[in-house]
Amino acid sequence: MEDASRPQRLRVGVVGPGRLWESRHKPSLIRLRDRFRVTAVYDQVARRAEIEAAQLGCVACEGLSSLIERSDVDVVYLLSPQWFGLHAAHLACEAGKPVYCALPLSGDLPELERLAARVERTGVVFMPEFARRCYPATQRLRELLATKLGKPRLVVGHSRLSDFDRYALPGPTSQLVPAPLAVDPGSYLLDWCAFVLGSPPTSIASARSVVLPSRGDAPDFESFTAVFPGGATAQLSYGRYHREEWGEAVRFLPPAGVQVFAERGVAWLEPPDRIQWWDADGAHEERLAPEPTVGDVLNKQFHRLVHQGDPSAPTIRDALEIARLVRDMERGQSGGGVVPRPDSPPS
């Protein structure tokens, strides 16, 4: 007889096993073998899928449809951008299979709207990856805001990119692939602010700068200022640091991090695991334990969402809201003004 108290195991089909897979999801799914088992792998580079399948003892599929239609695939993990974009998510929806999506979703709003409509129509579980919500420093910050520090009123910070090396540990270098800064890290920072402040903003303004014109007209630095219901504000900047041109100067730049000013104190976060905070009793500093890992937190959340629902898990509606914020940022950059959000409550 099956033990009802044990978590039901999900059989996973992986699409795009890139470096994020190696550092975050693969070790986590192996640790959580009582909840997950990888049964099939597909990648646009067939040899990469074959190598991964051989290591895991599963099947390397020759096409998306053949993976998604397999009877031994319960859920589909989309983990790195491939040439077909979100097509795999559409196929999974039509097959009625839940989707875990680590792809940056804010770069093509019309396509995301089409996918969201299909998710709503089919009722398929779809969880976008907003990993910053699960950083140990973020979780500790939310505990402190609920107990010691009180309601957050102002978020100020800076995030930076150095090349495209997200894949080691989570932190300020966040791009999966070369992408507009507004998409990555901009969209993820917007989601983080909305997560910490408890709602989407009522208005947003944004600016951009080109520091090295020799690299083209794409901005090297961007920033946004978002106003939230009740008057709370977030002011974040993010930029690409050019090691080749700047050399040793990179070593002397200020650290990336976020300050959160609340009603009864202040916190300083250096993601993913360091937090300093000050209240009426003085200063405190914590270097948080790396266990459970970010991958474990995300995968357990998805497991709960599939089997019993999880109101704390992000949904495609959250991804759609963030993508629309990115569109509004871009409108503000071209128009030079503050963009009020449609149907937003007054601040």
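Residues numbered from 1 in each chain as written. Predicted model: local features only at pLDDT ≥ 70, side-chain atom pairs only at ≥ 80, totals over all residues. Heavy atoms only, no water.

**Q** I keep staring at the overall build of the chain and nothing clicks. Help me out?
**A** Regarding its fold elements, the chain presents 10 helices and 15 strands. A burial count over the chain gives 52% of its 347 residues as buried. Excluding contacts between residues fewer than 6 apart, the proportion of contacts in the chain whose partners are at least 24 apart in sequence is 69%. Carbon together with sulfur atoms contributes 51% to the accessible area of the chain, which is approximately 16100 Å² in total. (Helix = DSSP H or I, 4+ residues; strand = E, 2+ residues; numbered from the N terminus. Buried < 20%, exposed > 50% of the residue type's maximum accessible area, 1.4 Å probe, protein only. Contact = heavy atoms within 4.5 Å. Areas by Shrake-Rupley, 256 points an atom, 1.4 Å probe, with all protein chains shown as cover.)

**Q** Mind showing me how you'd approach the side chain of Thr 138 here?
**A** Looking at the secondary structure, you find Thr 138 in helix H6 (residues 136-149). Among the polar contacts listed, one links the side chain of Thr 138 to the side chain of Trp 192, at a separation of 2.9 Å. Not counting residues within four places of it along the chain, the set of residues in contact with Thr 138 comprises Arg 132, Arg 133, Trp 192, Phe 195 and Leu 269. (Polar contact = N/O pair within 3.5 Å; in protein donor to acceptor, adjacent residues only side chain to side chain.)

**Q** Sorry, what's going on with the packing of aromatic side chains here?
**A** Aromatic ring pairs are reported here in terms of the distance separating the ring centres and the angle at which the planes meet. Scanning all chains against the criterion turns up eight aromatic pairs. Between the aromatic rings of Phe 36 and Tyr 77, the centroid separation amounts to 6.4 Å while the plane-to-plane angle is 80 degrees, which identifies the pairing as edge-to-face. Here the residue Phe 36 occupies a position in strand E2 (residues 36-42), and Tyr 77 occupies one in strand E4 (residues 75-78), the gap between them amounting to 41 residues. Overall, the relative accessible area of 2% leaves Phe 36 in the buried class. Accessibility expressed as a relative area gives 0% for Tyr 77, which makes it buried. (Phe/Tyr/Trp six-rings, centres within 6.5 Å; stacked < 30°, edge-to-face > 60°.)

**Q** Quick question: what am I supposed to make of the environment of Leu 141 here?
**A** With respect to the helices, strands and loops of the structure, Leu 141 is situated in helix H6. For the pair formed by Leu 141 and Trp 277, sequence separation is 136 residues and the distance between their alpha carbons is 8.9 Å. In this structure, Leu 141 is in contact with Trp 192, Val 196, Val 260, Ala 267, Leu 269 and Ile 275, ignoring residues within four places of it in sequence.

**Q** Please explain the environment of Arg 208 as it appears in this structure.
**A** Here Arg 208 shows up in strand E8 (residues 203-209). You can call Arg 208 partly exposed: its relative accessible area is 43%. Excluding residues that lie within four positions of it along the chain, Arg 208 makes contacts with Pro 219, Phe 221, Glu 222, Glu 330 and Gln 333.

**Q** Sorry, what's going on with the nonpolar core here?
**A** Within soluble globular proteins, side chains that are nonpolar generally end up buried alongside one another. Leu 78, Phe 126, Leu 141, Val 155, Trp 192 and Phe 224 are the most contacted members of the largest nonpolar core, which has 69 residues in total. With nine residues, the single largest contributor to this core is helix H7 (residues 182-197). Apart from the residues within four sequence positions on either side, Phe 126 is in contact with Ala 89, Val 99, Cys 101, Leu 105, Leu 115, Val 119, Pro 314, Thr 315 and Ile 316. Counting 27 residues, the second largest nonpolar core, distinct from the first, contains Leu 20, Ala 49, Met 127 and Val 294. (Core = buried A, V, L, I, M, F, W, Y, C linked by side-chain atoms within 4.5 Å.)

**Q** What is the right way to look at the confidence of the model for the chain in this model?
**A** Fine structural detail should not be taken from predicted coordinates in areas where pLDDT scores are low. This prediction gives the chain a mean pLDDT of 88; 89% of its residues lie at or above 70. The model gives residues 163-174 a pLDDT under 50, and that stretch makes 41 contacts with residues more than four places away or in other chains. (pLDDT = per-residue confidence, 0-100.)

**Q** Help me understand unusual backbone geometry, please; the structure alone is not making it clear to me.
**A** Among all residues except glycine, the phi angle is most often negative; among peptide bonds, the trans geometry is most common. Here the bond from Pro 271 into Pro 272 is cis, since omega is 10 degrees, no more than 30 degrees from zero. Its location among the elements puts Pro 272 in the loop between strand E12 (265-270) and strand E13 (274-279). Here the bond from Glu 291 into Pro 292 is cis, since omega is -5 degrees, no more than 30 degrees from zero. Mapped onto the elements, Pro 292 comes out in the loop between strand E14 (282-287) and helix H9 (294-307).

**Q** What exactly am I supposed to notice about the packing of H6 against H7 here?
**A** Two measures define how a pair of helices packs: the angle their axes make with one another and the distance between the axes. One can describe the packing of H6 onto H7 by two numbers: an axis separation of 10 Å at closest approach and a directional angle of 30 degrees. Regarding the angle of H6 to H7, the classification is roughly parallel. Like other packed secondary-structure pairs, H6 and H7 cross with a definite hand, here right-handed. Judged by residue contacts, Thr 138, Leu 141, Arg 142 and Leu 145 of H6 engage Trp 192, Phe 195 and Val 196 from H7. (Axes fitted to C-alpha atoms, helices over the stretch in contact; angles between N-to-C directions. Parallel < 35°, antiparallel > 145°, perpendicular 65-115°, else oblique. Left-handed = near helix turned anticlockwise from the far one by under 90°.)

**Q** Sorry, what's going on with the pattern of salt bridges here?
**A** A side chain with one charge may pair with a side chain of the opposite charge, provided their charged atoms come close. Scanning the entire structure with this criterion turns up 23 salt bridges. With a shortest N-O distance of 2.7 Å, Asp 43 and Arg 48 are connected by a salt bridge. The buried category is assigned to Asp 43, whose relative accessible area is 2%. Overall, Arg 48 belongs to the partly exposed group, its relative accessible area being 38%. One salt bridge connects Arg 114 with Glu 111, and the closest N-O pair in it is separated by 2.9 Å. One end of the pair, Arg 114, and the other, Glu 111, are both in helix H5 (residues 109-122), three residues apart, so they sit about a helical turn from each other. Here Glu 111 falls in the buried class, since its relative accessible area comes to 17%. Sharing partners across several salt bridges, the network here consists of Glu 22, Lys 26 and Glu 52. (Salt bridge = Lys/Arg side-chain N within 4 Å of Asp/Glu carboxyl O.)

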